[in-house]
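Here is what each chain is made of, one letter per residue.
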Amino acid sequence: MSVKLKFIEEKIARGFMLLSILIVLFFVLNVLYAVLRRGLPVLTWEMVSSLPGGGFYIGKEGGFLNAIVGSLYIVLASTTIGLLIAIPVVFYLNTYLKKTDRFAYVARIAYDVLFGIPSIVYGAFGFTIMIYLGLRASLLGGIIVESLLIIPILIRTLDEVAKNIPQDLLDSSYSIGSTRIETIGVVVRQIAPAIATATLLSIGRSIGDAAGVMFTAGFSDSIPTSLSQQAATLPLSVFFQLSAPQLEVQDRAYAAAVVLTVIVLILSLSGRFIMNFFSKNKI
Amino acid sequence: MSIATTFSWSLRHAFARPTWTLTEPFAVERKFPRPSDVRLAVDNLNLYINDAHILKNVSVSIPQNKITCIIGPSGCGKSTLLRTLNRLVDTNEGIKISGNVNFGTQDIISAKGSDITEIRRNIGLVPQRPCPLPMSIYDNVAYGCRIHGIRKKAKLDVIVRHYLEAVGLWEEVKSRLNAPANGLSIGQQQRLCLARSLAVEPSYLLADESTSALDPISSKKIEELFVKLKENYSIVMVTHTLRQALRIADYVIFMYLGEVIEQGPANEVFNNPQHSLTKNYLSGAFS
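Residues numbered from 1 in each chain as written. Chains lettered and ligands numbered in written order. Predicted model: local features only at pLDDT ≥ 70, side-chain atom pairs only at ≥ 80, totals over all residues. Heavy atoms only, no water.

(A) Region of the structure containing the packing of aromatic side chains. Counted by the stated rule, this structure contains 8 aromatic pairs over all chains. Each ring, one from A:Phe26 and one from A:Phe27, has its centre 5.3 Å from the other, and the planes form 75 degrees; the classification is edge-to-face. Residues B:Phe254 and B:Tyr281 carry aromatic rings whose centres are separated by 5.0 Å and whose planes lie at 35 degrees to one another, so their mutual orientation is tilted. Of this pair, B:Phe254 sits in strand 9 (residues 251–256) while B:Tyr281 sits in helix 11 (residues 276–282); the two residues are 27 residues apart in sequence, bridging distant segments of the chain. Just as B:Phe254 is buried, B:Tyr281 falls in that class too. Taken together through their ring pairs, the aromatic side chains of A:Phe91, A:Tyr92 and A:Tyr96 make up a single cluster. Its end group placed over the ring of A:Tyr96, A:Arg180 keeps NZ or CZ at 5.4 Å from the ring centre. Here the guanidinium or amino end of B:Lys96 rests over the ring plane of B:Tyr48, the centre of that ring lying 5.2 Å away. (Phe/Tyr/Trp six-rings, centres within 6.5 Å; stacked < 30°, edge-to-face > 60°. Helix = DSSP H or I, 4+ residues; strand = E, 2+ residues; numbered from the N terminus. Buried < 20%, exposed > 50% of the residue type's maximum accessible area, 1.4 Å probe, protein only. Lys NZ or Arg CZ within 6 Å of the ring centre and 35° of its normal.)

(B) Region of the structure containing the packing of helix 7 (residues 186–198) of chain B against helix 8 (residues 216–229) of chain B. All names here are of chain B. Running from N to C, helix 7 and helix 8 point in directions that differ by 20 degrees, and their axes come no closer than 9 Å. The angle between the axes of helix 7 and helix 8 places the two elements in the roughly parallel class. Crossing angle aside, the handedness with which helix 7 passes helix 8 is right-handed. Contacts from Gly187, Gln190, Arg191, Leu194 and Leu198 in helix 7 reach Ser218, Lys221, Ile222, Leu225, Phe226 and Leu229 in helix 8. The residue inventory of the contact of helix 7 with helix 8, partitioned by class, reads 6 nonpolar, 3 polar and 2 charged. (Axes fitted to C-alpha atoms, helices over the stretch in contact; angles between N-to-C directions. Parallel < 35°, antiparallel > 145°, perpendicular 65-115°, else oblique. Left-handed = near helix turned anticlockwise from the far one by under 90°. Contact = heavy atoms within 4.5 Å. Nonpolar A, V, L, I, M, F, W, Y, C, P; charged D, E, K, R; others polar.)

(C) Just the domain arrangement of chain A, in detail. All names here are of chain A. Per the domain assignment, the segments making up chain A are domain 1 (2–42) and domain 2 (45–280). Of the residues lining the interface, 8 residues belong to domain 1; the matching set on domain 2 comes to 10 residues. Across the domain 1/domain 2 interface, buried area totals approximately 690 Å², and carbon plus sulfur atoms make up 70% of it. For the domain 1 face of the interface with domain 2, the top three residues by lost area are Val35, Arg38 and Val42, together amounting to 73%. Between domain 1 and domain 2 we count 1 salt bridge in total. Two residues, arginine 38 and aspartate 251, come together in a salt bridge whose shortest N-O distance is 2.9 Å. Inspection of the region where domain 1 meets domain 2 yields 1 residue pair in polar contact (both at pLDDT 80 or more). Split by residue class, the side of domain 1 that touches domain 2 holds 6 nonpolar, 1 polar and 1 charged. (Domains from an automatic or database assignment. Buried area = accessible area lost by both parts, 1.4 Å probe. Salt bridge = Lys/Arg side-chain N within 4 Å of Asp/Glu carboxyl O. Polar contact = N/O pair within 3.5 Å; in protein donor to acceptor, adjacent residues only side chain to side chain.)

(D) Expanded view of the environment of B:Ile217. All names here are of chain B. One can find isoleucine 217 in helix 8. Relative accessible area serves as the criterion here: at 61%, isoleucine 217 is assigned to the exposed category. C-alpha separation for the pair isoleucine 217 and threonine 68, spaced 149 residues apart in sequence, amounts to 22 Å.

(E) Representation of the interface of chain A and chain B. The interface of chain A with chain B comprises 31 residues on the first partner and 38 residues on the second. When chain A packs against chain B, close to 3100 Å² is buried across both sides, 63% of that on carbon and sulfur atoms. In this assembly, chain A and chain B are joined by 2 salt bridges. Remark: the boundary between chain A and chain B carries 8 residue pairs in polar contact (both at pLDDT 80 or more). Elements supplying a minimum of two residues to the side of chain A that touches chain B: helix 7 (167–174), helix 8 (184–190) and helix 12 (247–278) of chain A. For the side of chain A that touches chain B, the leading source of residues is helix 7 of chain A, giving 7 residues. For the side of chain A that touches chain B, a count of residues per class yields 11 nonpolar, 12 polar and 8 charged.

So this is what it looks like as structure tokens:
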């Protein structure tokens, strides 16, 4: 290939890459625009700071504070539980098991499969178990199902990075006499950026998930005060208001969507900031 | 050392500042009891990795307070032998070992549980490529002491400073002890790794081509450190550079295809090799 052709080839390739970015940006901005255009004008402080009044879902006064708080409860609790389970799993897979271990192979395939299961299936699964145990829809049920949903995401994301931890680093830690469990401090510091990314992914997945919590967390007009009470969530709030016939109620659904987007943004940025703070030592 | 401790260290050291100045007097005393018998001897060691015979009937005894160089062409089992001495071979797959490796009265091959960590504390490793832990400079040196139960800040301060001075790094890093260790140059990182190994008071230092990734000046510094350190430690060194072995070795072990061909004091092996393979290797016929 002549030198000139090479540069033309590069230009074409660059054009395609730019085009892909623009297509993605176009749709993202379009979604944001659609949400903001209908949501922002009707979004008031009353909506985010008060509980739904008597006729909120037919257009009377009130807000969706119940859904905001319910969503935050479920997301924060399930992300914490998810991390507490996923980090030890990843640590075990990469430090205790050898690279060609059959068990690790099977476990990784299992997590891949779980990764792809839609949240409605998790919801139905959780619902079956709750019926079996005689539980009613509750905050606890929602938290458990969301934890199940995000654990595979956390594990797969962390595992890809943990696989690349240099053996030298682990050897260095072992060679001053630390046991494998003491090496978790080294591993966690080394994969801190991945923990941030995984946390962001899972927050995004669990806060936007409506199907999983529909059967398990239920819906209520008040803020749950105990784990056994039903809890409202923002996606469900959006769903109920969007299915109302009144236009002003539908607009409120968009306002709820705006709040949802802002919460995701805040959680993402703070997660990234905190983890960057801890990952400055990475090799 | 749990996740909670990790977080608390990070938090504490993100805001902490170095607390001492150079004029402060300090003394470092021994923290761990020295084993009564620290002889290291390998007897009739055979090692297989996935049915490949890597070490064949290896018998060597490591002299005390000397620099022992293991030389030989690539793939002759030098590194494997070194990693067997402190049981780091455990991390490899499909390992089968027979024979004896004795550290004092302790059998290294059959050691279990806390015996292994104690062996590894006593037989430190300086890796091929500098590999600081993902922590600050201070924590890198203090890490070993912390996991072995020394947690008092005042005591750790003394230890960190002592060992950083021992490797000649103190003057260079004293103003940025809480900076990430990966900000140091490669040569400094290797000296930091050395300080980290020394801080847990080993009797032996295993150096697996510790200077091969360094520039000439840094590797000269490491070599000088080894020569200085052999007063108190026995050093076992794998090296690819024959000239390095000529410079600093007191005792030489020549290996070829998993067998020990010749071993003895450096001047005897270098000046009057008994075996034809050794002669050929020293004259540069193969490498």
